[in-house]
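Letter by letter, the chains look like this.
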Amino acid sequence: LDLAACARRLTQGTSQFYQRYLLSGLHALLRAKRLRIDLDERLDLSDGVVRSLDTIEAYDDRITAPLHGFRDKDDYYTQSSSGPRLPEIETPTLIVSALDDPFLDSAQYRRLPPLPASVDFKLTRFGGHVGFIDGVGRTGEPISWLEPLTCRYLSRQQG
């Protein structure tokens, strides 16, 4: 919805854990990509520059944005955030999000434009980033309340 707010959120509190995790994966992908493609000259990279990319914002500014044709992270965040585009949705769409999502700044929901009737937006208190767990099954597997909700929504769209 708001990529800039998400990037800032990942620098706060326990969300920093997720930022470190995401960055370790991004750095591994970048190492592999640098072996296959000459990104160093194209993006003016060195091992030192790559090591200094210690936030998602820094990574997006030096790698993501220029690699995909954006001027900088702000241009990338502005053009790629979905929140401002939600009013354009005409196809029936279910969006489910949770206030306790460690990636999302909950203030972004107050900044959303009015949504069209085609968008069914469900904001829950709990659910994390992709959890939406309602309990545990007999064999210990998590039971998601999101799956039945999605199935009911899709069934209503078909019938």
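Our structure's up above, just so we're on the same page.
Cut-offs applied
Residues numbered from 1 in each chain as written. Predicted model: local features only at pLDDT ≥ 70, side-chain atom pairs only at ≥ 80, totals over all residues. Heavy atoms only, no water. Core = buried A, V, L, I, M, F, W, Y, C linked by side-chain atoms within 4.5 Å. Buried < 20%, exposed > 50% of the residue type's maximum accessible area, 1.4 Å probe, protein only. Helix = DSSP H or I, 4+ residues; strand = E, 2+ residues; numbered from the N terminus. Contact = heavy atoms within 4.5 Å. Phe/Tyr/Trp six-rings, centres within 6.5 Å; stacked < 30°, edge-to-face > 60°.

It is not clear to me how the nonpolar core should be interpreted in this structure. Could you clarify?
Across soluble globular proteins, nonpolar side chains show a tendency to be buried alongside one another. Ranked by size, the top nonpolar core spans 27 residues in total, and within it L30, L45 and I63 carry the most contacts. For this core, the secondary-structure elements that each account for two or more residues are α1 (3-9), α2 (15-36), α3 (39-43), α4 (47-51), α5 (56-67) and α6 (73-80). Per element, the largest residue contribution to this core is five residues, and it comes from α5. The residues touching L45, leaving out its near neighbours within four places in the chain, are L30, R34, L39, D40, V50, R62 and I63.

Explain the packing of aromatic side chains to me, please; I cannot follow it from the model alone.
What describes a pair of aromatic rings is the distance from one ring centre to the other and the angle between the planes of the rings. For the structure on display, the rule yields six aromatic pairs. Centroid distance Y109 to F121: 5.9 Å. Interplanar angle 55°. Geometry classified as tilted. Taken together, the positions of Y109 in the loop between β1 (93-98) and β2 (119-124) and F121 in strand β2 put the pair 12 residues apart, joining distant regions of the chain. Aromatic side chains F132 and W145 sit 5.0 Å apart centroid to centroid with 85° between the ring planes, which places their arrangement in the edge-to-face category. With F132 in the loop between β2 and β3 (133-136) and W145 in the loop between β4 (142-144) and α7 (146-158), this pair connects stretches of sequence that are 13 residues apart. In this structure an aromatic cluster arises from ring pairing among F17, Y18 and F103.

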